[in-house]
Amino acid sequence: QVQLVESGGGLVQPGGSLRLSCAASGSIFSIYGMDWYRQAPGKQRELVAHITSGGSTNYADSVKGRFTISRDSAKNTVYLQMNSLKPEDTAVYFCHADLMALRNGVRRHYWGQGTQVTVSS
């Protein structure tokens, strides 16, 4: 019933920018927090950015000052603005949400299928 759909990935040159979007669809009672993770080839999945229901944010040291996470509560959407991109930012980026759906009333974690970001000249 509930799905997370990412968009905005693609190929960009070093120093460029991309804006990722993640829309949570379905009957949702409440979203407690949303995150962006990424996984580079041969590496573990890592937390990139987090935003709470109260609007508090947190970032991985590697992206601090370059990436910004934000939300649009009316659209149940979270964004990741990525500036000054580096080749080491290349990864599949996954959206994650901690939310409660209306149908079953259970608080659960949901994952998107990921969107590829490639930073290369």
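Everything here concerns the structure above.
On a predicted model such as this, the values are computed, not experimentally measured, just so you know.

## Observations concerning the overall build of the chain
Alright, step 1. Of regular secondary structure, the chain possesses zero helices and 11 strands.
Alright, step 2. Its helices and strands in sequence order give the chain the pattern β-β-β-β-β-β-β-β-β-β-β, from N to C terminus.
Alright, step 3. By its C-alpha atoms, the chain is 45 × 25 × 25 Å across when sized along the principal axes.
Alright, step 4. By the burial criterion, 40% of the 121 residues in the chain qualify as buried.
Alright, step 5. Considering only contacts in the chain between residues 6 or more positions apart, those separated by 24 or more positions represent 55%.
Alright, step 6. Within the structure as shown, the chain displays about 6,500 Å² of accessible surface, and the carbon and sulfur contribution to it stands at 46%.

## Topic: the sheet that holds strand S1 (residues 3-7)
Alright, step 1. Strands sit in the order S1-S3-S8-S7 across an open sheet of four strands; the sheet is antiparallel. On the outer flanks of this sheet lie S1 and strand S7 (67-72), each paired with one strand and no other. Strand-to-strand twist in this sheet, taken as the mean axis angle between neighbours without regard to direction, amounts to 15 degrees.
Alright, step 2. Summarising the sheet, S7 and strand S8 (residues 77-82) pair through six bridges and their orientation is antiparallel. Counted as the bridge partner of Ile69 is Leu80 from S8.

## A look at the pattern of salt bridges
Pairing is possible between side chains that carry opposite charge, provided their charged atoms lie close to one another.
Alright, step 1. According to the stated counting rule, one finds five salt bridges in the structure shown.
Alright, step 2. The partner of Asp89 in a salt bridge is Arg66, and the shortest N-O contact between them spans 2.8 Å. With Asp89 in the loop between S8 and strand S9 (91-101) and Arg66 in the loop between strand S6 (57-59) and S7, the pair connects residues that are 23 residues apart, well separated along the chain. Arg66 carries the same exposure label as Asp89, and that label is buried.
Alright, step 3. Arg107 is paired through a salt bridge with Asp98; the nearest N and O atoms lie 2.7 Å apart.
Alright, step 4. In this structure, a network of salt bridges that share partners links the residues Arg38, Glu46, Arg66 and Asp89.

## What to know about the nonpolar core
Alright, step 1. In this structure, Trp36, Leu80, Met82 and Tyr93 are the most contacted members of the largest nonpolar core, which totals 31 residues.
Alright, step 2. Those elements giving two or more residues to this core turn out to be strand S3 (18-25), strand S4 (28-39), strand S5 (46-52), S7, S8, S9 and strand S11 (115-119).
Alright, step 3. Broken down by element, the residue count for this core peaks at six residues, all from S9.
Alright, step 4. Those residues within four positions of Tyr93 in sequence are excluded, and the remaining contacts are Glu6, Leu20, Trp36, Tyr37, Arg38, Val48, Phe67, Leu80, Met82, Gly114, Thr115 and Val117.

Parameters and conventions
Residues numbered from 1 in each chain as written. Predicted model: local features only at pLDDT ≥ 70, side-chain atom pairs only at ≥ 80, totals over all residues. Heavy atoms only, no water. Helix = DSSP H or I, 4+ residues; strand = E, 2+ residues; numbered from the N terminus. Buried < 20%, exposed > 50% of the residue type's maximum accessible area, 1.4 Å probe, protein only. Contact = heavy atoms within 4.5 Å. Areas by Shrake-Rupley, 256 points an atom, 1.4 Å probe, with all protein chains shown as cover. Pairing = 2+ DSSP bridges. Axes fitted to C-alpha atoms, helices over the stretch in contact; angles between N-to-C directions. Salt bridge = Lys/Arg side-chain N within 4 Å of Asp/Glu carboxyl O. Core = buried A, V, L, I, M, F, W, Y, C linked by side-chain atoms within 4.5 Å.

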